[in-house]
Amino acid sequence: MAFEIPKPRVIASGARSITLTWAPTDSEESLNVLPEDDNSHISYKWPPRYQLSKAEDDDPDFHPCYEGDDTTHEILDLKPETRYRIKLRVQEAEQLGGDWSRDYKEVEGKTTDETLSQKLTNQLFRAIASNDAVTVARIVSSHTKEVSLETRDRSGKTPLMNACQSASQDVVSMLLKAGASAGASTLVGKSALSIAVTYGNQEAVEAILNQSTETLEGSDQGGSTPLMWAAENVMPKHPKGLTILELLLAKGAKVDAQDMRHQTALDRLCATSGDAAAARLLLQHGARIIREIDTTSRSAHQPPQNMTTLMVAALNGHKALCDELMDNWDVDPTVQTEFGGTARSFAEQAGHTEVVQAIDAKVRKMRDAARKAIGGA
């Protein structure tokens with residue numbers, strides 16, 4: 001038997017979107033269906049894959065806008081009050097080359113008018129994305145009744161959250177002064193401050209902290225605080241990461257706050273960025289160093305410690321961080337896990353030769369110092 005291309009139908013229209021659905025007319029769940037002479041039927045693979053393409057008004061050129069196996073799709077970023085022609089094709093079976101069918105089913109849809117509020121909100125999001133401070137200032141100062149600063153985009157972010165990704169301090173400050181909530185969070189609980197920290201946007205961090213520190217200790221669903229995200233993102237791609245870390249600590253960020261896995265900012269730094277300067281800054285502010293293995297603890301705030309801070313840094317190949325811990329914070333590289341693992345063995349297993357050499361050099365110094373002490377006694 002063959003498969004007939006289903007007829008798509010419009011189930012919803014907005015000012016900038018059209019939602020369509022379609023249902024297979026044949027539920028035969030065979031892997032390959034042989035072609036028939038009727039051109040309205042094609043050979044296909046089960047489950048079928050679909051392609052939508054759109055054209056504006058009478059434009060003869062159709063442009064693909066969706067490929068997949070879903071039978072409902074929302075086409076986004078359309079123009080308001082515009083007629084669209086939309087074609088649905090099905091992918092043919094492998095023996096036919098897997099091309100999209102020449103035959104198709106077509107439907108028309110028209111977007112609705114935008115209200116003034118929608119227009120201004122869309123303008124605001126676009127101005128923020130392009131860091132257009134002039135337009136942002138105009139909208140937030142002249143259209144306070146028409147625009148809600150807590151409106152969410154398709155990814156669940158408010159204008160302020162979007163601004164924290166890349167916009168300037170001026171734009172972020174404008175939004176805050178206009179009443180944007182710094183305490184709002186994404187679906188996973190991430191605040192505007194955490195977003196600014198994650199994207200390395202120092203100006204946004206400064207703007208938020210200059211107004212309020214209410215989200216300084218705010219944690220997302222994983223228990224991550226802004227300081228933890230800052231520690232993870234101190235790396236070459238975020239050249240201002242160290243300065244951001246300093247700003248958070250200067251405002252009183254709790255250096256030993258723990259996430260849902262009981263990891264602190266330093267713990268996470270050892271497993272991610274491994275930046276020695278950032279680690280030094282955290283340690284100078286009292287960050288906890290795990291120096292010994294403790295598998296007996298059952299405290300909710302102090303779970304069993306299966307690896308030391310140095311072991312984690314060594315396992316992840318952070319030589320400068322290992323040197324910092326051993327040379328300036330007297331971390332013992334000879335400590336063993338309950339199974340005999342050491343910082344050196346973890347580094348060796350992971351192929352971090354430079355870390356192995358650094359630990360060997362430190363152990364030799366420790367042994368030489370011990371022999372001298374015995375000889376002097």
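Bear in mind that the values here come from a model prediction, so they are computed numbers and not experimental data. (Residues numbered from 1 in each chain as written. Predicted model: local features only at pLDDT ≥ 70, side-chain atom pairs only at ≥ 80, totals over all residues. Heavy atoms only, no water.)

Chemist: Would you take a moment to explain the overall build of the chain for this structure?
Modeler: Across its full length, the chain carries 14 helices and 9 strands. Relative to its 377 residues, the chain shows a buried fraction of 46%. Here the chain has roughly 19100 Å² of accessible surface; of this, 47% comes from carbon and sulfur atoms. (Helix = DSSP H or I, 4+ residues; strand = E, 2+ residues; numbered from the N terminus. Buried < 20%, exposed > 50% of the residue type's maximum accessible area, 1.4 Å probe, protein only. Areas by Shrake-Rupley, 256 points an atom, 1.4 Å probe, with all protein chains shown as cover.)

Chemist: So what exactly am I meant to see when it comes to the sheet that holds strand 3 (residues 18-21) here?
Modeler: Two orientations exist for strands paired in a sheet by backbone hydrogen bonds: parallel and antiparallel. Taken in spatial order, the 3 strands of this open sheet run 2-3-7, and their pairing is antiparallel. Taken across any chain shown, the strands that pair with only one partner, and hence form the sheet edges, are strand 2 (9-13) and strand 7 (72-75). Taken pair by pair, the neighbouring strands of this sheet meet at an average axis angle of 25°, ignoring direction. Relative to strand 3, strand 2 runs antiparallel, the two being bridged by 4 bridges. Each residue of the ladder has a partner; that of S13, found in strand 3, is I18. (Pairing = 2+ DSSP bridges. Axes fitted to C-alpha atoms, helices over the stretch in contact; angles between N-to-C directions.)

Chemist: What is the right way to look at helix 10 (residues 276-284) in this model?
Modeler: What helix 10 keeps buried is the set A276, A278, A279, L281, L282 and L283. With a side-chain oxygen positioned 3.1 Å from the backbone nitrogen of A277, the residue opening helix 10 is D275. Just past helix 10, the residue G286 takes up positive phi, approximately 95°. (Polar contact = N/O pair within 3.5 Å; in protein donor to acceptor, adjacent residues only side chain to side chain.)

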